[in-house]
Amino acid sequence: MPGSLATSLLHRLLSSAGLLVAVSVVGFALLRLMPGDFAEVLLSAQMDGELPSAEALAAYAADQGFDDPLPLQYLRWLGNALTGDLGVSLITGDAVTQEVLLRLGNSFILAFAALTLSLVIALPLALATVRFRNGLFDRLSAAVAVLGMSIPNFWYALLLALVFSLTLGWLPSSGYGTWQHAVLPTLVIGTSVCGVTTRYIRSLLLDEAGRPYMRTAAAKGLTPLSALLRHALPNAAPAIVTLAGLQLARIFDGVIIVETLFGWPGIGRLLVESLLSRDFPLMQATFLVIAVGYVAINLLVDLTVAGLDPRVREAV
Amino acid sequence: MPAGLRRSRSDLGYRRVVLRRPGGVTLLAVMFLLLVLFGPQLAPYDPTLTDILNRLAAPGWDHLLGTDAMGRDMLSRLLYGARLTTVAALAVVLVTAAFGTLVGLAAGYGGGWFDSLAMRFVEGVSVLPALAVSLVIAGIFGLGLKAVLIALAAVHWTEYARVVRNLTVVERNKPYVLAAQAIGAPGWRIVARHLLPNVGGPLLVLGAYSLSWVILAFAGLSFLGLGVEPGTPEWGRMIAEARSHMRSYPRLVLAPGLSIMAFVILINLLGDILGDRWRVDQVFSPNRNQRNP
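The rules behind the values
Residues numbered from 1 in each chain as written. Chains lettered and ligands numbered in written order. Predicted model: local features only at pLDDT ≥ 70, side-chain atom pairs only at ≥ 80, totals over all residues. Helix = DSSP H or I, 4+ residues; strand = E, 2+ residues; numbered from the N terminus. Buried ≥ 20, exposed ≤ 12 C-beta atoms within 10 Å, placed from the backbone. Contact = placed C-beta atoms within 7 Å. Nonpolar A, V, L, I, M, F, W, Y, C, P; charged D, E, K, R; others polar. pLDDT = per-residue confidence, 0-100. Axes fitted to C-alpha atoms, helices over the stretch in contact; angles between N-to-C directions. Parallel < 35°, antiparallel > 145°, perpendicular 65-115°, else oblique. Left-handed = near helix turned anticlockwise from the far one by under 90°. Core = buried A, V, L, I, M, F, W, Y, C linked by C-beta atoms within 7 Å.

Visitor: How should I be thinking about the overall build of chain A in this particular structure?
Guide: From N to C terminus, chain A includes 13 helices and 0 strands. Counting from the amino terminus, chain A carries its helices and strands in the arrangement α-α-α-α-α-α-α-α-α-α-α-α-α. Expressed along its principal axes, the backbone C-alpha trace of chain A runs to roughly 85 × 60 × 30 Å. Counting only residues that meet the buried cut, chain A has 39% of its 316 residues in that class. Long-range pairs, those at least 24 residues apart, make up 69% of the contacts in chain A with a sequence separation of at least 6.

Structure follows, in structure tokens:
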């Protein structure tokens, strides 16, 4: 059916937009639900923690529009956010938009490097476990996957830092600037998810390995490995891309802690910093940008899958 | 993380060894439970008692695992930490399981607008990175222990709602439910007496896996300085405080980290055993049904 792909894409776009609206409402509402008067919190932060007088507070609230109805305040906030004004930091008094976007870029570098690393390790491993199914290597990889799931990320990061930077002195333990700084964080996040990724790709490949076309491939004389590479892998590709998108969620959770630990100026560390310094506008902006980036990635994954799989391309 | 990924590791391998003899894991779990219950009685010292003269003492007869930078006994701190982690994580899991199951049953059995609304919401939450969302929620509620528990619960109940809803939709049209409807049983009775017991097994399995996630997240948040006060005998916090001595005294970082890891592995293995018992693989990952033996 011509046009149905466009309809389905439109549907995806609309539901992503709906999700974003919901996230922005939650992001806005959370700060207003906060214990204490929001205007008072903001003003007293600007006055170095002193409690403002009632008149000053009233004047400030009127000036900033805190007396307006909440829906109106929400729309104003949303309008500002859409035009690139995400608010002003309580601590520095600077506009936060540029900082937040810069940090987001740094995090993306780390997240994609980690995702790439985990896939580069996991794909060949998964192929090997399927080729030599139930062998020693297969069982070993299952045990490693449990280990990867059960190890606390921050502790694993500390251990790697202890070995590679404090003991061996090969890599810097903290900071940003050269490529060496990115190695340890990437290694931590990438290897911590690659065990689970391997198992998942393995089970996707096994789904394909039992299908009739694989028997045909074997009958016409393909070796098991080339049958896997030429037939099973392309058929599993859309599911693997979906998996990679899902793994980004896990990777992003890891990024928050690992950035904080290695002093990498990414958005996860910014979120933690804004929390600990109780810089609420910055926290709100950071959260909004993370959520938008997230929904965008999910959409991108869906579109990639639709593009990769002719069945989806035709059928939806 | 989606539950589908969680199940995928468990086809064979180590699982074959564990599942053939679940007694070993069960025994370990019972031993761990005893440690949690009687930890404070077993602990040789007060976990917050500082002894500056004995700071950073090596493991020995006085202090089996040595002391930390404040001269506090490591073994006692680990034992108290086990209880704190277990109680906190169990509280989160029980509350989220109860709430999520309620929503899932209502959505799955009732259907209609509540179903679509609830599932939209669940889908929306599960798309966002869980730790980032819980950080923000914890930040708004004030970074204390209560705030962290609320935050973890707020992002976690959706998993239960989704799984229970999908199970309920399948069970809803089975003969035993139709029979109950035919004799005129009220909806709440069908849900409580017939549906709930039939989704109970998979729920237990999900509970085990989510317990391990909550433990890791709780330790991670404490490590970042949220939740517990400085100096509290909590595993994540202990690692954070031992960081500056990591190079000369790696054991201060190793001991709490190994404790977390052992605990989480144990719970994951228990989850595998439960999963095997109730044959719930297909619940968590539908595409596995199509696989040939």
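Visitor: What's the story with the interface of chain B and chain A in this structure? I'm lost.
Guide: Often the size quoted for an interface is simply the accessible area lost on bringing the parts together. Between chain B and chain A, the contact holds 46 residues from the first and 48 residues from the second. Grouping the amino acids of the side of chain B that touches chain A by side-chain chemistry returns 27 nonpolar, 12 polar and 7 charged.

Visitor: Please clarify how the environment of Ala219 of chain B should be interpreted in this entry.
Guide: Positionally, Ala219 of chain B belongs in helix H9 (residues 187–223). Judged by the 32 C-beta atoms lying within 10 Å of it, Ala219 of chain B falls in the buried class. Between the alpha carbons of Ala219 of chain B and Val122 of chain B there is a distance of 25 Å; along the sequence they are 97 residues apart. Among all residues touching Ala219 of chain B, those that are not within four sequence positions of it are Pro152 of chain A together with Trp235, Gly236 and Ile260 of chain B.

Visitor: Just checking my understanding: could you explain the confidence of the model for chain B for this structure?
Guide: Close inspection of predicted coordinates is inappropriate for parts of the model with low pLDDT. All names here are of chain B. Across chain B, pLDDT averages 80, with 87% of residues at or above 70. Helix H4 (residues 74–110) holds the highest mean pLDDT among the elements of chain B, 91, whereas helix H1 (residues 3–8) holds the lowest, 38. Within the model, pLDDT remains below 50 along residues 282–293, and this stretch shows 20 contacts once partners closer than five positions in the same chain are excluded.

Visitor: What is the right way to look at the packing of helix H2 (residues 38–46) of chain A against helix H3 (residues 54–64) of chain A in this model?
Guide: A pair of packed helices can be characterised by two numbers: the angle between their axes and the separation between those axes. Residues and elements named next belong to chain A. Where H2 contacts H3, the two axes come as close as 10 Å, and the packing angle between them is 105 degrees. One way to sum up the angle between H2 and H3 is to call them roughly perpendicular. Side by side, H2 and H3 meet where Ala39, Glu40 and Leu43 of the first sit next to Ala56, Leu57, Tyr60, Ala61 and Gln64 of the second. Considered class by class, the residues forming the contact of H2 with H3 number 6 nonpolar, 1 polar and 1 charged.

Visitor: Would you explain unusual backbone geometry in this entry?
Guide: Among all residues save glycine, negative phi is the norm, and among peptide bonds the norm is trans. Phi at Arg278 of chain A is positive, roughly 55 degrees, even though this residue is not glycine. Tracing the sequence through the fold places Arg278 of chain A in the loop between helix H11 (267–276) and helix H12 (280–308). Phi angles above zero are rare outside glycine, and Leu143 of chain B is one such case at about 70 degrees. What makes Leu143 of chain B buried here is the crowd of 20 C-beta atoms within 10 Å.

Visitor: What am I meant to see in the packing of helix H7 (residues 153–167) of chain A against helix H10 (residues 224–262) of chain A here?
Guide: All names here are of chain A. Contact geometry of H7 with H10 gives a least axis separation of 9 Å together with a crossing angle of 40 degrees. By crossing handedness, the relation of H7 to H10 is classed as right-handed. Along its contact with H7, which presents Asn153, Phe154 and Ala157, the element H10 presents Gly254, Ile257, Val258 and Leu261. Here the residues of the contact of H7 with H10 are counted per class, giving 5 nonpolar, 2 polar and no charged.

Visitor: I'm lost on the environment of Phe114 of chain B in this one. Help?
Guide: Residue and element names in this part refer to chain B. Here Phe114 shows up in helix H5 (residues 112–127). The exposure class of Phe114 is exposed, given the 12 C-beta atoms found within 10 Å. Each C-alpha atom of the pair Phe114 and Ala151 lies 24 Å from the other, and the pair is 37 residues apart in sequence. Contact partners of Phe114, with chain neighbours within four places excluded, come to Ala106 and Ala107.

Visitor: Mind showing me how you'd approach the nonpolar core here?
Guide: For soluble globular proteins, the rule of thumb is that nonpolar side chains tend to be buried together. Counting residues in hydrophobic clusters, the biggest one holds 156 residues, and the most contacted among them are Leu205 and Leu271 of chain A together with Ala132, Leu152, Val214, Ile215 and Phe218 of chain B. Per-element tally for this core: the top contributor is H10 of chain A, with 19 residues. Look past the residues within four positions of Phe218 of chain B in its chain and what remains in contact with it is Thr85, Ala88, Ala89, Val148 and Leu152 of chain B.

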